[in-house]
Amino acid sequence: MVLRLFFCPVRNAHQMRPLILTAFVFLCRILLAQDFKVYDQTIAGTPVVFKMMPVAGGKFKMGSAVEPDEQPKTVEVSSFWMAATEVTFAEWDAYFKDQTLPQSKIIDGVTRATPQYIDLTWGMGRDQKHPANSMSQLAAMMYCRWLFEKTGIFYRLPTEAEWEYACKTGTTEQNLDLAAWFKKNSAGKFHHVMQKKPNTLGIYDMLGNLSEWTLDQYAPGYGALAAKDPLAAPATK
């Protein structure tokens, strides 16, 4: 799995409790129209820069009639920003190789992901433009927490509703070969980000390439979630 960043502005960010505890209750309530635009984020102490795209909130049909536990329902999401690309190894390695962080599963603070026992890119590539892959959801959220400490800006994983909204409302090129990597054109491997056309929101690889983490855990009672900014909090699985 790979991650993609999400951001909403928040006041008094320095007073927030740790991301791992609060991300799932964070709501996008304060948006300043004059600031709601594309911006570039530099990670302090590194040359790494990533781009965030504004996504105006609205209502859409979430779910799929094909899946019995995901029957379509009308959902509303608040406005937010989403990363233009999946998080790359350039971004991930700035965190993963940060020697100031311990590697532990029990410490109450930001920790680095532990080294993988084998090459989980399966030889497909690990250079700076490849999307970072094969991390756990916990590692993805820990990366977001680290990013907050580096930037002072609250980042988290998008909820399933936010991710699906950005995918469905950003009408994509009708010729799938131009918009996505998939079975027929990928040669069985993942590829550099930004090699295909972005959707109309300016977001790349919402279709194909790699699967992406969201903040939600699986919930069989999906239909009972809130109609606005729904979230199955990652608390038990």
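Keep in mind it's a predicted model, so treat the numbers as computed, not measured.

Quick notes on the rules
Residues numbered from 1 in each chain as written. Predicted model: local features only at pLDDT ≥ 70, side-chain atom pairs only at ≥ 80, totals over all residues. Heavy atoms only, no water. Phe/Tyr/Trp six-rings, centres within 6.5 Å; stacked < 30°, edge-to-face > 60°. Helix = DSSP H or I, 4+ residues; strand = E, 2+ residues; numbered from the N terminus. Buried < 20%, exposed > 50% of the residue type's maximum accessible area, 1.4 Å probe, protein only. Core = buried A, V, L, I, M, F, W, Y, C linked by side-chain atoms within 4.5 Å. Contact = heavy atoms within 4.5 Å. Polar contact = N/O pair within 3.5 Å; in protein donor to acceptor, adjacent residues only side chain to side chain. Salt bridge = Lys/Arg side-chain N within 4 Å of Asp/Glu carboxyl O.

Draft legend 1. Focus on the packing of aromatic side chains. Scanning the entire structure with this criterion turns up 10 aromatic pairs. Ring centres of Tyr39 and Trp81 lie 6.1 Å apart, and the angle between their planes is 70°; on these two criteria the pair is classed as edge-to-face. Of the two residues, Tyr39 is situated in strand β2 (residues 39-42) and Trp81 in strand β6 (residues 80-83); the sequence distance between them amounts to 42 residues. This pair shows no difference in class: Tyr39 is buried, exactly as Trp81 is.

Draft legend 2. Quick look at the nonpolar core. In terms of nonpolar packing, the biggest core is built from 27 residues, with Ile43, Met52, Trp92, Tyr143, Trp146 and Leu147 touching the most fellow members. Of all the secondary-structure elements, those providing two or more residues to this core are β3 (49-55), β6, α2 (89-96) and α3 (137-151). With eight residues, the single largest contributor to this core is α3.

Draft legend 3. Just the environment of Tyr165, in detail. For Tyr165, the position within the fold is in helix α4 (residues 160-169). Filtering out sequence-adjacent residues up to four positions away, Tyr165 remains in contact with Val55, Ala56, Gly57, Gly58, Lys59, Phe60, Val77, Phe80 and Gly170. A polar atom in the side chain of Tyr165 sits 2.8 Å from the backbone oxygen of Ala56.

Draft legend 4. Here's a closer look at the pattern of salt bridges. As enumerated under the stated definition, the model contains five salt bridges in all. Of the charged contacts, one joins Asp93 and Lys97 as a salt bridge, the two residues approaching to 4.0 Å between their closest N and O atoms. For Asp93, a relative accessible area of 7% gives the class buried. Salt-bridge contacts for Glu162 lead to Arg156; the nearest nitrogen and oxygen are separated by 3.1 Å. Each member of the pair, Glu162 together with Arg156, is buried. Residues joined in a network through salt bridges with shared partners are Asp93, Lys97 and Arg126.

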